[in-house]
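For reference, the chains in residue letters:
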Amino acid sequence: QKEVEQNSGPLSVPEGAIASLNCTYSDRGSQSFFWYRQYSGKSPELIMSIYSNGDKEDGRFTAQLNKASQYVSLLIRDSQPSDSATYLCAVMVDYKLSFGAGTTVTVRA
Amino acid sequence: GAVVSQHPSRVICKSGTSVKIECRSLDFQATTMFWYRQFPKQSLMLMATSNEGSKATYEQGVEKDKFLINHASLTLSTLTVTSAHPEDSSFYICSARGAELAETQYFGPGTRLLVL
């Protein structure tokens, strides 16, 4: 498995603010990039996938990919208390996923 | 669509016994299933990849004789933890990928194993 690193948490943001999550990866052969959300005691759920450089928006979530810098990020706009969870960055190589350690986000009401 | 189930959701067993965990894709045919393990406060670690009808491919450091994987059909894969020990206590999660959904893995709800 290849290395995926995420910015260390926990990250605490007030309700309504933007939460910014960062992820870098080491394998230039990485093909696809994903952000998963994991609530405590639950399995991950897919919130965003991104395959090409640039931005991809889905509701309050925006993923950004820069393959030259080997960097992928996730922005959560208008953060809600229900967004409080651990966010996992995952990178796919040859259809296998490598996960980062996760960043725990707490949204303060 | 793309629902994956796991059974059981939670299991407690005595040291030395074997435990079988089932992973099913409910509404699609899963050409590949993956098994992950997650220890507390850690991320998911891929244990093995299984393709229907063939032997599983194990990641480095995972004992294939201890973690037996069977993928007998396009909708079912099983993981058997043989001679379980307390250090095997963990959250085991499967995911499935269908040919037409090749880029995305859909995760099951996980099985929490506690070995006493």
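A few points on the structure. Values in this document were obtained by computation on a predicted structure and should not be read as measured data. (Residues numbered from 1 in each chain as written. Chains lettered and ligands numbered in written order. Predicted model: local features only at pLDDT ≥ 70, side-chain atom pairs only at ≥ 80, totals over all residues. Heavy atoms only, no water.)

A word on the sheet that holds strand S3 (residues 19-25) of chain B
Residues and elements named next belong to chain B.
1) Next: One open sheet holds the four strands; their spatial order is S1-S3-S8-S7, and the pairing between them is antiparallel. The open sheet is flanked by strand S1 (4-7) and strand S7 (67-73), the only strands paired with a single partner. Each strand of the sheet is rotated relative to its neighbour by a mean of 15°, with strand direction disregarded.
2) Next: Here S1 pairs with S3 via four bridges, running antiparallel. In the sheet register, Gln6 faces S3, and the bridge partner there is Cys23. (Pairing = 2+ DSSP bridges. Helix = DSSP H or I, 4+ residues; strand = E, 2+ residues; numbered from the N terminus. Axes fitted to C-alpha atoms, helices over the stretch in contact; angles between N-to-C directions.)

Observations regarding the pattern of salt bridges
Residue and element names in this part refer to chain A.
1) Next: One pass over the full model with this rule turns up six salt bridges over all chains.
2) Next: Put simply, Arg37 and Glu45 hold a salt bridge, and the shortest N to O gap is 3.2 Å.
3) Next: You can call Glu45 partly exposed: its relative accessible area is 32%.
4) Next: Arg77 is the salt-bridge partner of Glu57, the closest N and O atoms lying 3.5 Å from each other. Taken as a pair, Glu57 in strand S6 (residues 54-58) and Arg77 in the loop between strand S8 (71-76) and strand S9 (85-93) lie far apart in primary sequence, 20 residues in all.
5) Next: Relative accessible area serves as the criterion here: at 25%, Arg77 is assigned to the partly exposed category. (Salt bridge = Lys/Arg side-chain N within 4 Å of Asp/Glu carboxyl O. Buried < 20%, exposed > 50% of the residue type's maximum accessible area, 1.4 Å probe, protein only.)

Some remarks on the pairing of S6 of chain A
All names here are of chain A.
1) Next: In the sheet, S6 pairs with strand S7 (residues 61-66) via five bridges, with the strands oriented antiparallel. Each residue of the ladder has a partner; that of Lys56, found in S7, is Ala63.
2) Next: Counting the residues in the hairpin turn of S6 and S7 gives two residues, including Gly59, whose phi is positive at 65°.

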